[in-house]
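Analysis of the macromolecular model
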Amino acid sequence: MAGLNVEYINPFLAAATSVLHDFGIETKIGKPLVKKEVTFEKNALIIMIGVTGEMKGQVMIAFGNEVACEVSSKMMMMPVTEMNEISTSAICELGNMILGNAATIFSNKGIGIDITPPTMCSGNVVFSTSYAANVGIPLTIHDGKSIELNVSIKGE
């Protein structure tokens, strides 16, 4: 399995914290963990976006249902109590915003990347990759609630 350069992770963290801050959601970056398998529980909502270009791989953004509702509420400026078509669309758009901002950060460093449209899944899911190491980073928002950013990227 290929290693993961920390310089590939930081732009995703910067983009995630910045975009969430724009919606009034403050985050605290937790301890990164390298994971061979990424396991999500039954109440998880996962947005997966591929990365192509000078770097390749994928980024997954995972939320518990309660956190996804809270983030959707902030984004849509109205109460969200369940994940339905419109609130799920908002969460997918959050993924686009985070990865789009990360692409801009990389571009400013002279690294060109493109992103794929988001794929959403939920429930008990296990992902593994042999392409690049996966680093999971919790972004704590409050009261122990968090969003998990999983980055599995390598350069050419």
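Heads up: the structure comes first, above all this text.
Summary of the structure given here.

Conventions and cut-offs
Residues numbered from 1 in each chain as written. Predicted model: local features only at pLDDT ≥ 70, side-chain atom pairs only at ≥ 80, totals over all residues. Heavy atoms only, no water. Axes fitted to C-alpha atoms, helices over the stretch in contact; angles between N-to-C directions. Helix = DSSP H or I, 4+ residues; strand = E, 2+ residues; numbered from the N terminus. Parallel < 35°, antiparallel > 145°, perpendicular 65-115°, else oblique. Left-handed = near helix turned anticlockwise from the far one by under 90°. Contact = heavy atoms within 4.5 Å. Nonpolar A, V, L, I, M, F, W, Y, C, P; charged D, E, K, R; others polar. Polar contact = N/O pair within 3.5 Å; in protein donor to acceptor, adjacent residues only side chain to side chain. Buried < 20%, exposed > 50% of the residue type's maximum accessible area, 1.4 Å probe, protein only. Pairing = 2+ DSSP bridges.

A few words now on the packing of helix α1 (residues 6-22) against helix α3 (residues 85-108). Running from N to C, α1 and α3 cross one another at 130 degrees; their axes reach a closest spacing of 8 Å. In terms of orientation, α1 lies oblique with respect to α3. As α1 packs across α3, the resulting crossing turns out to be right-handed. In this structure, α1 uses Glu7, Tyr8, Pro11, Phe12, Ala14, Ala15, Ala16, Val19 and Leu20 to contact α3, whose residues at the interface are Leu94, Met97, Ile98, Leu99, Asn101, Ala102, Ile105 and Phe106. Classifying every residue of the contact of α1 with α3 gives 15 nonpolar, 1 polar and 1 charged.

Once that is clear, we can look at the side chain of Lys35. Secondary-structure assignment places Lys35 in strand β2 (residues 33-35). Within the structure, Lys35 has its side chain in polar contact with the side chain of Glu148 (distance 2.9 Å). Those residues in contact with Lys35 that sit more than four places away from it in its chain are Asn134, Gly136, Glu148 and Asn150.

This paragraph deals with the pairing of strand β3 (residues 37-40). Every second residue of β3 is oriented toward a common face, the buried set being Val38 and Phe40 and the non-buried set Glu37 and Thr39. Across 4 bridges, the pairing between β3 and strand β8 (residues 125-128) is antiparallel. Bridging from a neighbouring strand, Glu37 pairs with Ser128 of β8.

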